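Spelled out from the first residue to the last, the chains are:
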Amino acid sequence: MREVAREEADLILENASELLTLEGGTKKPLIGKRSRDLGLVKDGSIAISRGRVVAVGTTAKIRERFESRKIIDANKKVVMPGFVDPHTHLVFAGSREDEFEMRLEGTSYMEILLKDGGILKTVRETRKASKERLLEGCRKTLNVMLEHGTTTVEAKSGYGLTTESELKCLEVMRLANEEHPVEIVPTFLGAHAVPTEYKNNTDGYVNLITNEMIPEVAARRLAEFCDVFCEEGVFDVEQSRRILTQGKRYGLMPKVHADEMTALGGAELAAEMQAISAEHLLFASESGLKAMAEEGVIAVLLPGASFALMMQRHMNVKKMMENGVPVALGTDFNPSCWVESQQMIIAIACHQMRMTPSEAIVATTMNAAHAIKRAQELGSLEPGKRADVLVLNVPGHRFLGYRFGVNLVDKVIKDGRIVVDGGRVLQREW
Ligand SMILES: [Zn+2]
């Protein structure tokens with residue numbers, strides 16, 4: 001038999017005990033029975049060229065078709081797509097470990113907020129901070145995220161709450177995105193809280209957001225999405241609707257922090273606005289979830305937040321799945337929920353919400369990519385997609401969630417380049 005010339009690939013990764021391709025979810029998020037569909041290939045391999053996936057299959061099949069000067073032996077470990085974190089508050093100054101202790105001793109989150117603590121404390125510090133200082137904080141966070149396998153992250157503004165400082169935070173995201181391998185997808189969240197100077201004048205602040213902030217953010221192309229904290233005592237449904245409508249007019253797709261502390265109707269609003277996602281949803285009503293399913297709104301669940309706030313209540317993820325709501329998981333990284341690791345979120349989701357490891361993997365890859373409009377490029381390992389790949393120090397995917405509190409990442413490949421090896425960021429790579 002004639003030897004067929006093999007194609008040259010930039011990089012081949014082979015001998016994975018399990019290659020999780022997550023294939024088949026690019027057009028639509030994985031829901032229902034498919035929400036645990038990992039596209040698993042035993043003894044898997046992947047060929048990469050020019051930063052993109054060229055082919056996936058068994059090691060034998062890939063060897064038949066490709067050759068490369070750079071072959072990495074995955075050594076019977078799990079290989080999967082990089083985690084996508086669809087909900088973070090990346091840019092802020094300071095920390096709130098003192099309030100953590102107060103909350104442990106019985107003060108509630110809302111009580112702290114009403115005494116100008118919580119978000120408002122972080123706002124004061126973020127307003128004062130220089131761009132350089134904020135960027136330095138971002139770098140540290142992004143390195144930790146990358147070491148824990150997150151290759152793309154959505155980031156919300158919302159600790160400035162003046163036009164100037166909201167723009168400053170979004171500009172910091174742009175700078176971080178230019179220099180760091182982790183891709184940052186920016187969201188404008190001027191409606192994160194009502195700043196002290198607008199106390200008892202929420203409508204006045206909503207006017208500032210709609211008349212000044214949104215047009216300015218859009219003109220400078222600093223965000224893709226517009227989000228709002230729709231919550232009792234923050235922005236009500238009508239105010240949230242005004243903000244999201246104006247955002248849409250300026251090309252910013254709606255997202256909603258919905259029904260986190262009370263059943264205010266945030267899920268219903270997300271459906272009505274045809275938002276790309278509704279986030280938190282701890283108290284979402286069944287009719288709200290049904291409306292979300294009809295409109296294809298993705299539920300971005302943040303079990304780290306309810307864990308950090310010690311809420312003793314969990315999202316009813318089974319009900320969401322039964323109703324056909326696509327489910328994604330995010331960290332909600334912020335000063336009251338300081339967690340960079342999607343592995344930790346998977347562990348909490350499994351233990352507290354009874355998601356299976358497979359469901360949690362889908363929710364942190366393919367469905368998370370949908371929640372930030374990146375499904376064409378990310379979330380699965382299929383030909384043509386960006387080569388964002390993890391090698392985990394475990395022999396099977398069920399170790400995710402099961403083995404927790406340590407970093408399971410061995411290698412991270414971002415756009416075809418190795419950026420983490422032995423669980424450590426290789427700074428020289430950028
Ligand atoms: Zn949030």
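In case you missed it, the structure is sitting above this.
Residues numbered from 1 in each chain as written. Predicted model: local features only at pLDDT ≥ 70, side-chain atom pairs only at ≥ 80, totals over all residues. Heavy atoms only, no water.

> When you look at the overall build of the protein in this model, what are you seeing that I'm missing?
Tallying secondary structure elements over the protein gives 16 helices and 19 strands in all. A compact globule built from 430 residues should have a C-alpha radius of gyration of about 22 Å, and the protein, at 21 Å, falls within 12% of that. Its C-alpha atoms give the protein principal-axis dimensions of about 80 × 45 × 45 Å. Residues counted as buried form 62% of the 430 residues belonging to the protein. For the protein, restricting intrachain contacts to residue pairs at least 6 apart in sequence, the fraction spanning at least 24 positions comes to 73%. A total of about 17,300 Å² of accessible surface is found on the protein, and carbon and sulfur atoms cover 49% of it. (Helix = DSSP H or I, 4+ residues; strand = E, 2+ residues; numbered from the N terminus. Rg over C-alpha atoms; globule rule 2.2 N^0.38 Å. Buried < 20%, exposed > 50% of the residue type's maximum accessible area, 1.4 Å probe, protein only. Contact = heavy atoms within 4.5 Å. Areas by Shrake-Rupley, 256 points an atom, 1.4 Å probe, with all protein chains shown as cover.)

> What is the right way to look at the packing of helix α5 (residues 131-147) against helix α6 (residues 163-179) in this model?
Running from amino to carboxyl end, α5 crosses α6 at an angle of 50°, the nearest separation of the two axes being 9 Å. Judged by the angle between their axes, α5 and α6 are oblique. As for the relative orientation of α5 and α6, their crossing is right-handed in sense. Between α5, through K131, L134, L135, C138, R139 and L142, and α6, the contact on the second element is made entirely by K168, C169, E171, V172, L175, A176 and E179. For the contact of α5 with α6, the per-class residue count stands at 8 nonpolar, no polar and 5 charged. (Axes fitted to C-alpha atoms, helices over the stretch in contact; angles between N-to-C directions. Parallel < 35°, antiparallel > 145°, perpendicular 65-115°, else oblique. Left-handed = near helix turned anticlockwise from the far one by under 90°. Nonpolar A, V, L, I, M, F, W, Y, C, P; charged D, E, K, R; others polar.)

> Looking at this structure, how should I read the coordination of the zinc ion?
Six octahedral donors around a metal ideally sit at 90 or 180 degrees from one another, while four tetrahedral donors ideally sit at 109.5 degrees. Note on the zinc ion: its protein donors are H87 (NE2), H89 (NE2), H257 (NE2) and D332 (OD). The metal-donor distances range over 2.1 to 2.5 Å. What the 4 donor atoms of the zinc ion show is an angle range of 80 to 166° at the metal, which sorts the shape as irregular. Every donor residue of the zinc ion comes from the same chain, spaced as H-x1-H-x167-H-x74-D. One end of the pair, H89, is in the loop between β8 (83-85) and α2 (97-104); the other, H257, is in strand β12 (residues 253-258), and 168 residues separate them in sequence. A relative accessible area of 2% places H89 in the buried class. (Donors = N, O, S within 2.8 Å, 3.2 Å for Na, K, Ca; no water. Tetrahedral: all angles 85-135°; square planar, octahedral: opposite > 155°, others 65-115°.)

> Help me understand the packing of aromatic side chains, please; the structure alone is not making it clear to me.
Aromatic ring pairs are reported here in terms of the distance separating the ring centres and the angle at which the planes meet. Tallying each qualifying case throughout the model produces 7 aromatic pairs. Residues F92 and F333 carry aromatic rings whose centres are separated by 5.6 Å and whose planes lie at 35° to one another, so their mutual orientation is tilted. Placement of F92 in the loop between β8 and α2 and of F333 in the loop between β15 (327-329) and α13 (342-353) is noted, with a sequence separation of 241 residues between them. Residue class for F92 comes out buried when judged on its relative accessible area of 10%. (Phe/Tyr/Trp six-rings, centres within 6.5 Å; stacked < 30°, edge-to-face > 60°.)

> Could you clarify how one ought to interpret the pairing of strand β18 (residues 417-421) in this entry?
Where a strand is regular, its side chains alternate between the two sheet faces. Relative to β18, strand β17 (residues 409-414) runs antiparallel, the two being bridged by 3 bridges. Bridge pairing in β18 places I413 opposite I418. Between β17 and β18, which follow one another and run antiparallel, lie 2 residues, and D415 among them has a positive phi close to 50°. Connecting β18 to the antiparallel partner strand β19 (residues 424-425) that follows it, the hairpin turn spans 2 residues, and G422 within it adopts a positive phi of roughly 60°. (Pairing = 2+ DSSP bridges.)

> Sorry if this is basic, but what is going on with empty space enclosed by the protein here?
Any empty space left between atoms is shown by rolling a water-sized probe over those atoms. As enumerated under the stated definition, the model contains 4 cavities of 30 Å³ or more in all. Size it by volume and the largest cavity reaches roughly 170 Å³. Along its surface, the largest cavity is lined by 18 residues, and Y109, E260, D332, N334 and S336 are the ones closest to its centre. Grouping the amino acids of the lining of the largest cavity by side-chain chemistry returns 9 nonpolar, 6 polar and 3 charged. (1 Å grid on protein atoms, 1.4 Å probe; cavity = no way out; pocket = protein on both sides within 12 Å on 5 of 7 lines; lining within 4 Å. Points joined across faces, edges and corners; volume = space filled by probe spheres on them.)

> Looking at this structure, how should I read unusual backbone geometry?
Leave glycine aside and you will find that most residues have negative phi; peptide bonds, for their part, are mostly trans. The residue R221 is not glycine, and still its phi comes out positive at about 50°. Looking at the secondary structure, you find R221 in the loop between α7 (202-219) and β11 (225-230). Backbone geometry at K373 places phi at a positive 55°, although glycine is not the residue there. Mapped onto the elements of the fold, K373 is located in the loop between α15 (366-371) and β16 (389-392).

> Can you help me understand the nonpolar core in this one?
Nonpolar side chains in soluble globular proteins tend to end up buried together. Formed by 108 residues in total, the largest nonpolar core has its most connected members in L281 and L301. By size, the runner-up hydrophobic cluster in this structure holds 18 residues, among which are L19, V53, L381 and A387. (Core = buried A, V, L, I, M, F, W, Y, C linked by side-chain atoms within 4.5 Å.)

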